[in-house]
Amino acid sequence: EKTMSRKSLYYGVIEFYDGLVFLAMARETNDVKWSLKLSEALSKLESFVQTGKVNCEHKLLLLQAEAKSLLGKNEDALSKYELAIAIAGKNGFVHEQAIANERVGDFF
């Protein structure tokens, strides 16, 4: 784990994929530092949703679903997964819709 210096030129993409990595590490290690990093990524994504909802809303919903799943809040998680899949498809992000479908498959 090294300190990364990256500019957010892609408006949420880096935070989205970092968030997925942080979630995987949180599941694998049960180390709270990964949950803290996830919180930072979620916070950044929330701000990107304010300026580019079409581009970022489904990313935020998927990370929220994963976080709910990690906390054992399964009903909330399923609702967020379904929204993430629907919104990603509606807005033409089929590659991220596929990721959301894969993640909800692992959820079940």
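Residues numbered from 1 in each chain as written. Predicted model: local features only at pLDDT ≥ 70, side-chain atom pairs only at ≥ 80, totals over all residues. Heavy atoms only, no water.

Student: So what exactly am I meant to see when it comes to the pattern of salt bridges here?
Tutor: A side chain with one charge may pair with a side chain of the opposite charge, provided their charged atoms come close. Applying the stated criterion across every chain yields a total of 4 salt bridges. When the shortest N-O distance is used, the salt bridge between Glu-96 and Lys-59 registers 3.1 Å. Highlighted residues: Glu-96 in helix H5 (residues 94-107) and Lys-59 in helix H3 (residues 53-70), separated in sequence by 37 residues. Taken individually, Glu-96 and Lys-59 each receive the classification buried, so the pair is uniform in this respect. Close ionic contact of Arg-103 with Asp-106 constitutes a salt bridge, the shortest N to O distance being 2.7 Å. Taken together, the residues span about one helical turn, with Arg-103 and Asp-106 both in helix H5 at a distance of 3 residues. Each of Arg-27, Glu-66, Arg-103 and Asp-106 takes part in salt bridges that share partners, so that together they form one network. (Salt bridge = Lys/Arg side-chain N within 4 Å of Asp/Glu carboxyl O. Helix = DSSP H or I, 4+ residues; strand = E, 2+ residues; numbered from the N terminus. Buried < 20%, exposed > 50% of the residue type's maximum accessible area, 1.4 Å probe, protein only.)

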